[in-house]
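# Per-entry structural report
For reference, the chains in residue letters:
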Amino acid sequence: MTTQNCTDIRAILDQITELDSDAAYDILFAARERLTGIRLSQLARLLMPVIASALAQNSGATARHLVVRAAAFEPTRSQPLPVRYSVDSLYLPIAPLTGMERQEKLTVPEGLTRQAEQILRALTSLASGLTPGHDLYLQLP
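Given the structure is predicted, the values throughout are model-derived calculations rather than measurements.

### A short note on the pattern of salt bridges
- Counting across every chain of the model gives four salt bridges.
- Notably, a salt bridge pairs Arg32 with Glu33, separated by 3.9 Å at the nearest N-O pair.
- A relative accessible area of 28% places Arg32 in the partly exposed class.
- With a closest N to O distance of 3.9 Å, Arg64 and Glu101 form a salt bridge. Residue Arg64 is located in the loop between α2 (21-57) and β1 (65-72), and its partner Glu101 is located in the loop between β2 (83-94) and β3 (102-105); the two are separated by 37 residues in the primary sequence.
- Owing to a relative accessible area of 57%, Arg64 belongs among the exposed residues under this scheme.
- The class of Glu101 is partly exposed, set by a relative accessible area of 44%.

### A short note on the side chain of Thr124
- For Thr124, the location among the structural elements is in helix α3 (residues 110-126).
- What makes Thr124 buried here is its relative accessible area of 6%.
- In this view, Thr124 contacts Leu81, Val83, Arg84, Tyr85 and Leu130; residues no more than four positions away in its chain are not counted.

### Looking at the layout of surface pockets
- Space inside the largest pocket adds up to approximately 180 Å³.
- Along the walls of the largest pocket sit 13 residues, with Arg32, Tyr85, Ala127, His134 and Leu136 positioned nearest its centre.
- For the lining of the largest pocket, the elements supplying multiple residues, two or more each, are α2 and α3.
- Broken down by element, the residue count for the lining of the largest pocket peaks at three residues, all from α2.

### Overview of the confidence of the model for the chain
- Of all residues in the chain, 95% have pLDDT values of 70 or greater, and the mean over the chain is 84.
- Per-element averaging of pLDDT across the chain places helix α1 (residues 3-17) at the bottom with 67 and α3 at the top with 91.

### Considering the sheet that holds β3
- Spatially, the four strands line up as an open sheet ordered β3-β2-β1-β4, and their pairing is antiparallel. Pairing within the sheet leaves two strands with one partner each, and these edge strands are β3 and β4 (135-139). Across the sheet, the mean angle from the axis of one strand to that of its neighbour is 35°, orientation sign disregarded.
- Direction of pairing for β1 relative to β2: antiparallel, over a ladder of five bridges. The residue of β2 that forms the bridge with Val67 is Tyr91.
- Relative to the sheet, α2 contacts β1, β2, β3 and β4, its axis offset from that of β2 by approximately 45°.
- In the packing of α3 onto the sheet, the strands contacted are β1, β2 and β4, and the crossing angle to β2 comes to about 110°.

### As for the nonpolar core
- Within the largest apolar cluster, 30 residues are counted, with the highest numbers of intra-cluster contacts made by Leu43, Leu47, Leu66, Leu92 and Leu106.
- Put simply, the parts of the chain that give this core at least two residues each are α2, β1, β2, α3 and β4.
- Looking at this core element by element, the count peaks at eight residues for α2.
- Leu106 has contacts with Leu47, Val50, Ile51, Ala54, Leu66, Val87, Leu90, Tyr91 and Leu92, leaving out every residue within four places of it along the chain.

What counts and what doesn't
- Positions within a chain are numbered from 1, following the residues in the order the chain's sequence is written.
- A pLDDT threshold of at least 70 governs which residues receive local features in this predicted model, and a stricter bar of 80 or more applies before side-chain atom pairs are shown or counted, although totals over entire chains, interfaces and linings include all residues.
- To obtain the side-chain values, all non-hydrogen atoms of the structure were included, while hydrogens and water were left out.
- Only one rule defines a salt bridge in this text: a Lys or Arg side-chain nitrogen within 4 Å of an Asp or Glu carboxyl oxygen.
- Throughout, exposure labels follow a simple rule: accessible area from a 1.4 Å probe, protein chains only, divided by the maximum for the residue type, with under 20% read as buried, over 50% as exposed, and the rest as partly exposed.
- Strands here mean DSSP runs of E at least two residues long; helices mean DSSP runs of H or I at least four residues long; both are numbered from the N terminus.
- Contacts are assigned to residue pairs with any non-hydrogen atoms lying within 4.5 Å of each other.
- Throughout, the protein atoms alone are placed on a 1 Å grid, and a set of points is a cavity if a 1.4 Å probe fits but cannot get out or a pocket if it is open with protein on both sides within 12 Å along at least five of seven lines; lining residues have an atom within 4 Å of a point.
- Grid points are joined across faces, edges and corners, and a volume is the space filled by probe spheres set on the points.
- Confidence of the predictor in every single residue is expressed as pLDDT, which spans 0 to 100.
- In this description, strands pair whenever DSSP reports at least two bridges between them.
- A fitted line through C-alpha atoms represents every axis, and for helices the fit uses only the stretch in contact; the resulting angles, taken between N-to-C directions, go from 0 to 180 degrees.
- Grouping buried Ala, Val, Leu, Ile, Met, Phe, Trp, Tyr and Cys residues that are joined through side-chain atoms within 4.5 Å yields what is termed a nonpolar core.

This is the structure:
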């Protein structure tokens, strides 16, 4: 980040702190929602080949969204949060041509795991009061 960008951000933050608490909350909430959307879009682009492969294995099946589910984990040094989003908690609700919709666990290939985990770590940090089972839904094209 350049010095100019830092100066610009400082001016914006100063303006936000001068607002009343409701207006400041609305701005911060909108920013968090926007960042969540950006991260989910990054995740979708990264996982699109994996999603296409899962759908191809279920010929004629469709999926309207990807489910990112928060799960409880043992805290570690690199992942101190006990509840977080992870590549181990991605699901694709598949609707075959006949029958009921079912959720298929999405397996992320080893080559994409690191990038996906970085995106999911950012989503975890954006979430407040995350509990196991909390789902984010990403609309698929």
